[in-house]
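# Remarks on the overall topology
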Amino acid sequence: MNHQLSERINSVTPSATLEMAAKARELRASGKDIIGLSLGEPDFKTPDYIKEAAVQAINEGYNSYTPVDGYVELKDAIITKFQRDNGLDYEHPQIVVSTGAKQSLYNVAQVVLDKGDEVILPCPYWVSYSDIVKLADGVPVEVGTSIDTDFKMTPEQLEAAITPKTKMLWYSSPCNPSGSIYSKQELRALADVLQKHPQIIVVSDEIYEHINYGVTAHASMAAFEDMYDRTVTVNGVAKAFAMTGWRIGYIGAPAYIARACNKLQGQVTSGANCIAQRAVITALVESPDRVQYMVDEFKERRKIILELLNAIDGFECNEPEGAFYVYPDITAFFGRTFNGSTINNASDFAMYLLEAANVATVTGDAFGNGNSIRISYAASEAEIREAVARIEAALQ
Ligand code: PMP
Ligand code: GLU
């Protein structure tokens, strides 16, 4: 705590995913052979057809400020994508392009929340949700789930969490970290609860939409007519197109929210990078089938890591239906001591794996559920096999 700094920043927890990745990088630099399964980042290269669009944009002389909320042609591409993939009809004033989906989420929190407004976060939730809410003076309200409901919130739990101060519900589907997907029927059941509480705005984070292993079809909350006017659909290109560093995310939203995000962004970033925006036009206009090869590869790795982890006594895994994480329940290890290290919680466990197995994972505490750790399988098959073998050896 530094008293020269604001209470706001002092109250924020550093991103556990980015912090673990930094720690792994540091240990690697000091000569340790660390396998990094902590960061949610595809290990593929951005596809050539997208890179070529960026090169073309540079050669055509794109270098100026863009419209704050994104190029018109990019908004056209986003509108096409929402219609094609989600059955959602948006118009230009409802779209805002930002510097990553993370900024999209940050914008929405800043423009919707007042001090003390409550935001319901089904746990486990993506690591940054609670701090983004706190940065907007909102209050995260965690709703616990467990592996028994595939880490999904039930309508009864939602109803019980709502108070007169509830302003928003945030969730990701496919979920980072659990890989769970809410079916259309499950979303409808949550929407039925929300019907009784018209003040609540929903943030539906669909950034893993295309990384779906074919069990439960992707569904969007905004596709329900009665939810359209109160749902912000968040998406981005980082995951499905292997474009994490390009930093482009976007929303489709009620126009008043989009206008407010545009105003905020005009004072904060002036809009997202021009070359990245031009490349994303191509990424979104082209068929998602062109990046299916990455999903097929993730599916194979998922099968391998589940088989390997389930063979270790004490790991209990749900079968993730999307994204590229496993989120095993590891409570069976609590209270046990390995090589002098006692495991009292998920953070101890993740730290022990880093030190004893040289494998970086993320503690479930970062996602509001301390019974698990998150393991990313966006890594090569060889790395996955070696990592799990080391984990197993460390837990002998
Ligand atoms: N939402 C979820 C669920 C994520 O996992 C991530 C990870 N990066 C983001 C949003 C942010 O995406 P971006 O890299 O586009 O900011
Ligand atoms: N979303 C990724 C993850 O969960 C990237 C890290 C981050 O943005 O925090 O690992």
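See the structure printed just above.
First, a word on scope: everything that follows refers to the structure included in this document.

What counts, and where the lines are drawn
Residues numbered from 1 in each chain as written. Chains lettered and ligands numbered in written order. Predicted model: local features only at pLDDT ≥ 70, side-chain atom pairs only at ≥ 80, totals over all residues. Heavy atoms only, no water. Axes fitted to C-alpha atoms, helices over the stretch in contact; angles between N-to-C directions. Helix = DSSP H or I, 4+ residues; strand = E, 2+ residues; numbered from the N terminus. Parallel < 35°, antiparallel > 145°, perpendicular 65-115°, else oblique. Left-handed = near helix turned anticlockwise from the far one by under 90°. Contact = heavy atoms within 4.5 Å. Nonpolar A, V, L, I, M, F, W, Y, C, P; charged D, E, K, R; others polar. Core = buried A, V, L, I, M, F, W, Y, C linked by side-chain atoms within 4.5 Å. Buried < 20%, exposed > 50% of the residue type's maximum accessible area, 1.4 Å probe, protein only. Near = heavy atom within 4 Å. Polar contact = N/O pair within 3.5 Å; in protein donor to acceptor, adjacent residues only side chain to side chain. Areas by Shrake-Rupley, 256 points an atom, 1.4 Å probe, with all protein chains shown as cover. 1 Å grid on protein atoms, 1.4 Å probe; cavity = no way out; pocket = protein on both sides within 12 Å on 5 of 7 lines; lining within 4 Å. Sits in = over half its atoms within 2 Å of the grid points.

## Things to note about the packing of helix α3 (residues 48-59) against helix α10 (residues 274-285)
Two numbers describe how α3 lies on α10: the axes approach to 8 Å, and their chain directions differ by 140 degrees. Here α3 lies oblique to α10, going by the angle between them. In this structure, α3 crosses over α10, and the sense of that crossing is right-handed. Here Tyr 49, Ile 50, Ala 53, Ala 54, Ala 57 and Ile 58 of α3 come into contact with α10, specifically with Ile 275, Arg 278, Ala 279, Thr 282 and Ala 283. Residue composition of the contact of α3 with α10, grouped by class: nine nonpolar, one polar and one charged.

## Looking at the nonpolar core
Most often, soluble globular proteins have nonpolar side chains that are buried together. By size, the foremost hydrophobic cluster in this structure holds 110 residues, and its most contacted members are Trp 170 and Phe 241. The element best represented in this core is α10, accounting for eight residues. Those residues in contact with Phe 241 that lie beyond four places of it in its chain are Thr 46, Pro 47, Tyr 49, Ile 50, Ala 283, Leu 284, Val 291 and Met 294.

## Considering the site of ligand 2
By nearness alone, every residue bordering ligand 2 is listed as Ser 15, Thr 17, Leu 18, Leu 39, Gly 40, Lys 102, Trp 126, Asn 176, Lys 239, Tyr 325 and Arg 374. One nitrogen or oxygen atom from the side chain of Lys 102 is found 3.1 Å from an oxygen atom belonging to ligand 2. In this structure, Asn 176 approaches ligand 2 through a side-chain N or O atom, which is 3.0 Å from an oxygen atom. Considering ligand 2 on its own, with 290 Å² of exposed area, one finds that the protein chains cover 89% of that surface. Of all the cavities here, the one that holds ligand 2 is the largest pocket. Residue classes in the shell around ligand 2 are distributed as four nonpolar, four polar and three charged.

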